[in-house]
Every structure is written in structure tokens, then in C-alpha cells.
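# A closer look at the structure
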Amino acid sequence: MPSERWTSDTLAELGLSVIQQRLVIGVGSVVAVIAAALGLTLVINMIGGSDVAPARAGSGSLGGTRPGDYQSWRSLKQFTPIADRKADSKPLTLQELFGARSLKSGKITLRRAGVHLDAGCRTAVWGADLVEELSDAGCTQIARGLYTSADGVYVAQYAMLNLADVKAADALVESLETLHLGGWTLPIESTRVKFGDYTESSGLAMGHYVGLVWIGRADGAEPGAGDDFVTLGLAVREVERALYRRVVAVAGVPSVTVKPSPGEETAQPAEPTPTDPGATGSTTSVVPPSPTPAPQ
């Protein structure tokens, strides 16, 4: 009998809920025939309805690498002074965003592995729909920074997009809720730092900018009990300090000096000025020199 073949204990071992177990046992011989022909996995998917396993995070529909999970946040009122390029017209630079050799949050330290600045945005992403969205948003720059954790366990990339205004920025981070399935930023090419199968991401609008965080384990595995992706994301978001400095520059609010922790590197290096990509439409890839510790 099918109900004897598919016992509650057996179905529980296969990961079925109590309700799914009852459905399998109740359907009886019909389920047994389907299971024999197509395998129990297909039956479980049929019962589970829309609970179908997602595509592997490392592959997109057009062959590009993309995250498997994405979250978004609209711009906060603190970024109102830089809500459009009229008030904040100075182009982004690799120095201001990725000048620090390392980023740190909690117990996670990230080491810079490479940076890249693109003009026009088309060459820094894949996916036709995303390219079109960025064109409509008035995207003029995408600055990317690639990092690996000091212990080699994690990889992270931060991409800062320079858009026309906060309306375009808010619209983009929300569109990426679905758009990321068919388009995403390209990873910086590296022989030693690569994204694996499972990655997570988030998009944050900050005035007329969008920051895209992309994180994962270096081995491509899903995070386990010992992995702290929250702290990993906070570490790479240290890049966003550059935008707070821009807010201060526009609004005229006095900056607050924070005494660095012992041994913390706060001074930024004297990076060679990258070739202006806006002049020729070309891209520039530079790894800034390592900074020197701030005087104590």
C-alpha cells in the first residue's frame, strides 16, 4: 500500500511538513505512480506550490553573475543636500571611495583587492533591462571596489552609481527587487578573488547615488551558523563615508572628528589621479597604493 510505503517517518526525513505528509499519504496510489515515474522531488514540488528552489545565485539568465538574494532601501532625509547633481556636481573618484587599504566592522576586516571606475555605466553591468534603466536614470559613473576578508573566507564588492537625482535612485533600488534576476553589476576581474554560487546583495539610495553591496563566501557556500553576513555587509559599507563628507560639503555642517582606535588606519593614500573616463568614454582600473597610519 502507498500509505505503508510513504510513512510519516520516511516523509519527515525527506523534509516534508506535517501537512505535506498527510497529502502524500492521502493521495495514495496516484502519488505512488507519479513518484515512480518522475521521482519524489517532483511530487514535493507539486505539493509545495510556489515553493520552488531558486536558481543558483552565481548564474543569470544571460550568463552573467548575479546575487541570489536582494534587499533595498530608499534614500533617507539625511541625504537631502545631495538629492541631485545640481548641488553635488563633482564626479566621484576612486580616491575618495576606495582610498583606504582596509575596511573593518566588528571582527571582520576586508582588504582591498581592486577598484574600477567606469563612465556611462553601460560597460560595468550586464542585462539589457538594467542598461536601459540606468540610461533612463541618467547614470554617468559606476565606481566599484573589490575586497576579500583578511582570513580569505569572504568576498565583497561595493558599487557606487552616480544618477541624476534621488527620484531615479529610489526607483532603481526598488526596480532591482526583480531586475537583479536578469542583470547586475559586473564583478571586477581578479585572479584571486571571485564570487561563488551563493551571494547576497542590497541596494541603498543615498541622495542621487545608489550603493550596491554584494557579498558572499569565497568558497561559494551558503552562510552557516558561524557566518556573520550582517557584519560583512557593514564592513564594506564603510565606503559610504565618502557621501557623508559630500553632505557636509554641500550643507555646511561642521564635521565631527572621531578619535581613531589604537592601530586603526584612517589616513587615505595619495592615489595617482585616474584618467578621466568622461573625456574619452574609456574605463580606468587602478589599485590605490596602501595608506600610511594616521599620526598618533
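Placed above this text is the structure.
Residues numbered from 1 in each chain as written. Predicted model: local features only at pLDDT ≥ 70, side-chain atom pairs only at ≥ 80, totals over all residues. Heavy atoms only, no water.

## Focus: the overall build of the protein chain
Assigned secondary structure in the protein chain consists of eleven helices and ten strands. Expressed as a percentage of the 296 residues in the protein chain, the buried residues total 45%. Counting contacts in the protein chain only where the partners sit at least 6 residues apart, residues at least 24 apart contribute 72% of the total. (Helix = DSSP H or I, 4+ residues; strand = E, 2+ residues; numbered from the N terminus. Buried < 20%, exposed > 50% of the residue type's maximum accessible area, 1.4 Å probe, protein only. Contact = heavy atoms within 4.5 Å.)

## Focus: the environment of G207
By secondary structure assignment, the location of G207 is in the loop between β8 (199-206) and β9 (209-217). Between the alpha carbons of G207 and L76 there is a distance of 7.8 Å; along the sequence they are 131 residues apart. Every residue in contact with G207, bar those within four places of it in the chain, is listed here: S75, F79, I82, A83, D165, V166 and A169.

## Notes on the state of the cysteines
Applying the stated criterion across every chain, the model contains one disulfide. Covalently, C121 is tied to C139 through a disulfide, its sulfur atoms 1.8 Å apart. Classification of the bridge connecting C121 and C139 rests on its S-S torsion, roughly -80°, and on that basis the disulfide is left-handed. With C121 in the loop between β3 (108-119) and β4 (125-126) and C139 in the loop between α7 (128-136) and β5 (141-149), this pair connects stretches of sequence that are 18 residues apart. On the basis of relative accessible area, C121 is assigned to the buried category, the value being 1%. (Disulfide = S-S within 2.5 Å.)

## Digging into the side chain of E96
Among the secondary structure elements, E96 is positioned in helix α6 (residues 94-98). In this structure E96 comes out as buried when scored by relative accessible area, which is 15%. One polar contact links E96 to R246, side chain to side chain, over a distance of 2.7 Å. (Polar contact = N/O pair within 3.5 Å; in protein donor to acceptor, adjacent residues only side chain to side chain.)

## Structural notes on the packing of aromatic side chains
This model, assessed by the stated rule, comprises five aromatic pairs. When the ring of F79 is compared with that of Y244, the centres are 5.2 Å apart and the planes differ by 50°; the resulting orientation is tilted. Within this pair, whereas F79 is found in the loop between β1 (69-73) and α6, its partner Y244 is found in helix α10 (residues 241-251), the two being separated by 165 residues in sequence. Taken together, Y70, W184, F195 and W214 form an aromatic cluster joined through their ring pairs. (Phe/Tyr/Trp six-rings, centres within 6.5 Å; stacked < 30°, edge-to-face > 60°.)

## Considerations on α10
Spacing of three or four residues puts side chains on the same side of an α-helix, whose turn is 3.6 residues. A242, L243, R246 and V247 are the residues of α10 that are buried. Projected down its long axis, α10 carries its buried residues within an arc of 145°, all on one side. (Arc of directions from axis to C-beta.)

## Quick word on α7
If you check which residues of α7 are buried, you get L130, V131 and L134. The arc that holds every buried residue of α7, seen down its axis, measures 100°, which confines them to one face. In α7, the exposed residues that point more than 90 degrees away from the buried face are A128, D129, S135 and D136. Each element contacted by the buried residues of α7 is listed here: β4, β5, β6 (154-162), α8 (166-179) and β7 (184-185). Remark: G138 follows α7 within two positions and exhibits a positive phi of approximately 70°.

## Overview of the side chain of H180
Locating H180 in the fold gives a position in the loop between α8 and β7. In terms of polar contacts, H180 uses its side chain to reach the backbone carbonyl oxygen of L176, at 2.8 Å. Excluding residues within four positions of it along the chain, H180 makes contact with R66, P67, G68 and Y70.

## Brief notes about the packing of α7 against α8
One can describe the packing of α7 onto α8 by two numbers: an axis separation of 11 Å at closest approach and a directional angle of 175°. Taken together, the axes of α7 and α8 lie roughly antiparallel to each other. Of α8, the residues touching α7 (which contributes D129, L130, E133 and L134) are A171, L172, S175, L176 and L179. Taken together, the residues that form the contact of α7 with α8 break down as six nonpolar, one polar and two charged. (Axes fitted to C-alpha atoms, helices over the stretch in contact; angles between N-to-C directions. Parallel < 35°, antiparallel > 145°, perpendicular 65-115°, else oblique. Nonpolar A, V, L, I, M, F, W, Y, C, P; charged D, E, K, R; others polar.)

## Side note on the pattern of salt bridges
Applying the stated criterion across every chain, the model contains nine salt bridges. R246 is the salt-bridge partner of E96, the closest N and O atoms lying 2.7 Å from each other. Pair noted here: E96 is in helix α6 and R246 is in helix α10, with a separation of 150 residues, a long-range link. The pair E96 / R246 is uniform in exposure class, with both members buried. Among the ionic pairs, D227 bridges to R217, the shortest N-O distance being 2.8 Å. (Salt bridge = Lys/Arg side-chain N within 4 Å of Asp/Glu carboxyl O.)

## Regarding the environment of H208
If you trace the backbone, H208 turns up in the loop between β8 and β9. Classification of H208 by relative accessible area gives buried; the value is 0%. The spacing of H208 and A168 is 40 residues in sequence and 7.2 Å in space, taken between C-alpha atoms. Look past the residues within four positions of H208 in its chain and what remains in contact with it is I82, A83, D84, R85, D88, L161, N162, L163, A164, D165, V166 and A169.

Structural measurements only, silent on function.
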